[in-house]
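# Observations on the model geometry
So the chains spell out like this:
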Amino acid sequence: MAVITRERSVVDRPPPVPRRDYSKWARRGPLLPALIFLIIVTQLPFVATLVISFMKWNSLDPGSRGFAGFDNYVNVFTDPDLRSSVVNTIVLTASVVLISLVLGLGLALLLDKKFKGRGLVRTMLIAPFLVVPVAAALIWKHVLYNPEYGLFNGILNWLGFDAQPDWISTMPMSAVVLSLVWQWTPFMMLILLAGLQSKPIEPVEAATIDGASSFQIFRYLTFPHLRQYLELGGLLGSIYIVQNFDAVFTITSGGLGTANLPYMIYQTFYQAHEYGEASAAGVIVVAGSIIIATFALRTVSSLFKEEKR
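The name given to the chain in an unreviewed UniProt entry is Sugar ABC transporter permease, with Lentzea pudingi as the source organism. We quote the UniProt Sequence similarities (unreviewed entry) comment for the chain here in full: "Belongs to the binding-protein-dependent transport system permease family." Turning to the chain, the UniProt record has this under Subcellular location (unreviewed entry): "Cell membrane".

If you want it as structure tokens, here you go:
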């Protein structure tokens with residue numbers, strides 16, 4: 001009976017209350033001020049912008065302020081200037097990203113080979129990405145494109161050509177695209193170079209022994225391995241180029257059919273004083289960036305999963 005009673009007392013005893021793990025909060029606690037600061041700086045202004053985007057608000061006519069519903073969003077896609085700025089944003093982003101990826105892939109393949117002075121060449125190729133965007137746009141506008149003392153016309157004059165074209169007025173969109181390609185090609189090169197250096201060497205050596213050519217190795221081994229790195233570079237580049245304002249504002253001032261959506265937001269807000277319409281356009285830019293960033297994060301997570309395997 002004593003044994004049975006002892007067993008019953010053990011069974012009927014309530015389970016012990018788990019001890020709270022305060023170590024997790026001790027590690028997370030110091031991060032709370034930074035999180036609160038981030039929310040105040042980024043999320044609260046976005047919520048305010050979202051609210052203003054549903055309002056009719058012109059600072060030159062304070063009496064007409066009121067709720068506008070989705071009228072501001074409709075105006076963004078029906079107004080000819082704003083609609084053309086959306087098209088210009090797509091064209092500018094696609095052109096810069098695609099050209100930068102192609103050039104970055106070529107440079108990454110070059111730097112993946114061992115040659116004397118490779119470190120110096122790599123440092124020089126990375127330099128354009130480290131230049132401040134406004135400074136880079138000013139370099140292209142005054143040092144390269146200027147029709148009187150620009151480098152491009154100086155080269156044409158040195159080669160014996162009498163033509164001294166005004167590059168910005170004759171090819172405005174291409175002028176903006178070239179300046180951004182110059183700055184973003186090193187970024188693509190770094191991502192693709194990291195992909196090349198993570199490529200397993202055993203399949204390449206086996207293919208070389210079997211007599212595969214360099215093109216076949218690139219086509220069937222290197223390029224499939226770089227697919228996700230190409231996607232990552234394209235997605236990250238798109239996030240930044242969609243929001244680009246510096247090059248358009250500095251080189252063409254949004255004229256000659258080069259105004260993109262960020263520039264039109266600036267013009268609508270500061271010149272037309274249409275706060276509601278400008279906020280609606282800004283929300284559209286943020287929504288597009290979030291969609292692109294979602295795909296970028298998925299690509300990054302898939303890369304980490306492959307490394308774990």
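### Re the pattern of salt bridges
Scanning all chains against the criterion turns up one salt bridge. Here Arg227 makes a salt bridge to Glu231, at a shortest N to O gap of 2.8 Å. Of the two residues, Arg227 and Glu231 both sit in helix α12 (residues 214-242), four residues apart, roughly one turn of that helix.

### With respect to a nonpolar patch on the surface
Where nonpolar side chains cluster on the molecular surface, the patch consists of Leu32, Leu35, Ile36, Phe37, Leu38, Ile39, Ile40, Val41 and Leu44 and spans about 850 Å² of accessible area. By the element assignment, Phe37 lies in helix α3 (residues 32-52).

### Describing the environment of Tyr145
Locating Tyr145 in the fold gives a position in the loop between α7 (133-144) and α8 (151-158). The class of Tyr145 is buried, set by a relative accessible area of 1%. Distance in space between the C-alpha atoms of Tyr145 and Trp167 is 5.6 Å, their sequence separation being 22 residues. A distance of 2.9 Å separates the side chain of Tyr145 from the backbone oxygen of Ala175, its partner in a polar contact.

### Focus on α7
Under the 1.5 Å per step criterion, the end-to-end length of α7 is 16 Å for twelve residues, consistent within 8% with the ideal 16 Å. Here the buried face of α7 lies against α8, α10 (172-197) and α13 (246-252).

Procedures and definitions
Residues numbered from 1 in each chain as written. Predicted model: local features only at pLDDT ≥ 70, side-chain atom pairs only at ≥ 80, totals over all residues. Heavy atoms only, no water. UniProt positions renumbered as here; feature names shortened; annotations may be inferred. Salt bridge = Lys/Arg side-chain N within 4 Å of Asp/Glu carboxyl O. Helix = DSSP H or I, 4+ residues; strand = E, 2+ residues; numbered from the N terminus. Patch = residues over 30% accessible without salt bridge, like charges linked within 9 Å, V, L, I, M, F, W, Y side chains within 5 Å. Areas by Shrake-Rupley, 256 points an atom, 1.4 Å probe, with all protein chains shown as cover. Buried < 20%, exposed > 50% of the residue type's maximum accessible area, 1.4 Å probe, protein only. Polar contact = N/O pair within 3.5 Å; in protein donor to acceptor, adjacent residues only side chain to side chain. Expected span 1.5 Å × (residues − 1). Contact = heavy atoms within 4.5 Å.

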